[in-house]
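Below are the chains, spelled out letter by letter.
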Amino acid sequence: MLNRSLRALARPLGCARHAANTHGLHYLGGSGSSGIVSVAGNSTWRFPGRAVAAVAAAAAASSPVVLYCKEKEQPDVINLEDWAKGQCAGMEHEEIIWQSVVSRQSRKSGKQLIMQTCQGAGGIRSAKLWRITLPAASPGDAADPDVAAGRTRLVGYFDLGDEISGHPGLIHGGFTAALIDELCGWVSYFESKQQDPQGKFADKVFTAKLQIDYKRPMKEDRTYAMEVVVDKVVKGRKVYLKAYVRDQAMRTCAEGTCLYILK
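Let me begin by describing the structure that accompanies this report.

## Things to note about the packing of aromatic side chains
What the rule picks out here adds up to 3 aromatic pairs. Measuring from ring centre to ring centre gives 5.7 Å for W98 and W186, while their planes differ by 35 degrees; the resulting arrangement is tilted. Of this pair, W98 sits in helix α4 (residues 98–106) while W186 sits in helix α6 (residues 173–195), placing them 88 residues apart in sequence. Each of the two residues, W98 as well as W186, counts as buried. Aromatic rings pair up to connect W98, F158 and W186 into one cluster. In this structure, R131 is placed above the aromatic ring of F190, and the distance from its NZ or CZ to the ring centre is 4.5 Å.

## Side note on the environment of K238
Relative to the assigned elements, K238 resides in strand β11 (residues 238–246). Separated by 23 residues in sequence, K238 and I261 have C-alpha atoms that sit 4.9 Å apart. Ignoring any residue separated from it by four or fewer positions in sequence, one finds K238 in contact with K232, V233, L259, Y260 and I261.

## What about the pattern of salt bridges?
Tallied over the entire structure, the rule returns 10 salt bridges. For K128, the salt bridge goes to E81, with nearest N and O atoms at 3.1 Å. Within this pair, whereas K128 is found in strand β6 (residues 124–133), its partner E81 is found in helix α3 (residues 80–88), the two being separated by 47 residues in sequence. The residue R131 makes a salt bridge to E94 at a minimum N-O spacing of 2.6 Å. With a gap of 37 residues between them, R131 in strand β6 and E94 in strand β5 (residues 92–96) connect regions that are remote in the sequence. Linked by salt bridges that have partners in common, E81, K85 and K128 make up one network.

## Some words on the pairing of β6
Among the 10 residues that make up β6, 7 are buried, leaving the element largely enclosed by the rest of the structure. As judged from the 5 bridges shared by β5 and β6, these two strands associate in the antiparallel manner. Paired with H93 across the two strands is I132, which belongs to β6. Relative to strand β8 (residues 152–160), β6 is paired through 9 bridges, and the arrangement is antiparallel. Residue S126 lies in a different strand from β8, and its bridge partner there is D159.

## Quick look at α3
Within α3, the full set of buried residues consists of L80, E81, W83, A84 and C88. The buried residues of α3 occupy one face: seen down the axis, they fall within an arc of 160 degrees. Regarding α3, its N-cap is N79, as a side-chain oxygen of that residue lies 2.9 Å from the backbone nitrogen of E81 further along. At the C-terminal side of α3, G90 shows a positive phi close to 75 degrees.

## Side note on a positive patch on the surface
Where like charges cluster on the molecular surface, the positive patch consists of K235, R237, K238 and K263. Mapped onto the secondary structure, K263 falls in the segment after β12 (252–262). Assessed through its relative accessible area of 54%, K263 is described here as exposed.

## What to know about the nonpolar core
Core analysis: the largest hydrophobic core is formed by 42 residues, its most contacted members being W98 and F158. Elements with a contribution of two residues or more to this core: α4, α5 (113–117), β6, β8, α6, β10 (222–234), β11 and β12. If you tally residues by element for this core, the top one is α6, at 10 residues. If we ignore the near neighbours within four places in the chain, the residues touching F158 are W98, I124, S126, A127, L129, L179, L183, R222, T223, Y224 and M226. Counting residues in each nonpolar core, the second largest holds 10 residues, with L80, A84, W130 and A225 among its members.

Calculation notes
- Throughout this document, residue positions are counted from 1 along each chain, in the order its sequence is written.
- Reporting of local features is limited, given that this is a predicted model, to residues whose pLDDT is at least 70; pairs of side-chain atoms are given and counted only at 80 or more, and all residues count toward the totals for whole chains, interfaces and linings.
- To get the side-chain values, take all heavy atoms of the structure and skip hydrogens and water.
- Classification of ring pairs rests on two measures: the distance between centres of Phe, Tyr or Trp rings, Trp counted by its six-membered ring, which must be within 6.5 Å, and the angle between planes, read as stacked under 30 degrees, edge-to-face over 60 and tilted in between.
- In this text, helices come from DSSP runs of H or I with a minimum length of four residues, and strands from runs of E with a minimum of two, each type numbered from the N-terminal end.
- Buried means the residue's accessible area, taken with a 1.4 Å probe over protein chains only, is under 20% of the maximum for its type, while exposed means over 50%, and partly exposed covers the values in between.
- Each ring is checked for a lysine NZ or an arginine CZ that lies within 6 Å of its centre and within 35 degrees of its normal; such an atom marks a charge sitting over the ring.
- The contact rule is simple, with two residues in contact once any of their heavy atoms fall within 4.5 Å.
- Salt bridges are defined as contacts in which a side-chain nitrogen from Lys or Arg sits within 4 Å of a carboxyl oxygen from Asp or Glu.
- We treat two strands as partners when DSSP finds at least two bridges between them.
- For this quantity, the arc is that covered by the directions from the helix axis to the C-beta atoms.
- Pairs of N or O atoms within 3.5 Å make up the polar contacts considered here, provided that, within protein, one atom can donate a hydrogen while the other can accept it, and that residues adjacent in sequence are counted only when both atoms are side-chain atoms.
- Two distance rules govern patches: like charges are joined within 9 Å, and nonpolar side chains (Val, Leu, Ile, Met, Phe, Trp, Tyr) within 5 Å, applied only to residues with over 30% relative accessible area and no salt bridge.
- Calculation of accessible area relied on Shrake-Rupley with a 1.4 Å probe; when residues are assessed, cover is drawn exclusively from the protein chains displayed.
- Residues scored as positive are Lys and Arg, those scored as negative are Asp and Glu, and His as well as the terminal groups of each chain are ignored.
- Just so you know, the charge point we use is NZ for Lys, CZ for Arg, CG for Asp and CD for Glu.
- By convention a nonpolar core is built from buried Ala, Val, Leu, Ile, Met, Phe, Trp, Tyr and Cys residues, the set being connected through side-chain atoms within 4.5 Å.

What follows is the structure, given as structure tokens:
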């Protein structure tokens, strides 16, 4: 009877069966609210938290069985501002005041996608960024005189709202790509000065390649860590970069491989 009761409960609740034999259920004890596991001989059934009362009632009606409950593990989350500042420790760095950049853009004609259109409570609610200058490689380290190691890294975070979604509740992948594109352009611009300290910043920066690998969905109303680092610069004008978007548990949500051209 218990086997039938478990089957009847398992199917509509989407429970998973892990073995074939469900004879001889044993009293295990335990408590909890999610990831319910019932062991019967050499068979294991997993029930979601909402099935606790129903499964317990079915078990009590047939045999002295108590369910062992295992809490679902939650990833450790970190303070992203503390993380970003930690990346800057001991390095030459400068904070980029996001609102100042937004304000400067607002005085220009036309609308800039990331800096203006996507600003606000439903889009980019706030952001903090730091530019890190990496140590210069010694002249003897370069295997190819046309290739220079990157010297710019950008770290920080963006707090995102609920009006830039694709699927309900999830940030649109196109927005993620546009944000990576924007920041890689910034970093390429900063890198142009690092490659020629006596010169000037590039007049223009153009995207030549933007490849985005989406690793996990990004939920709306969340804060995400951003990191962009220059891998190398070829012939003083081709900037190769890597970009990462991570959640507060530092799990990678999106990864960009990019090439930008300095003009």
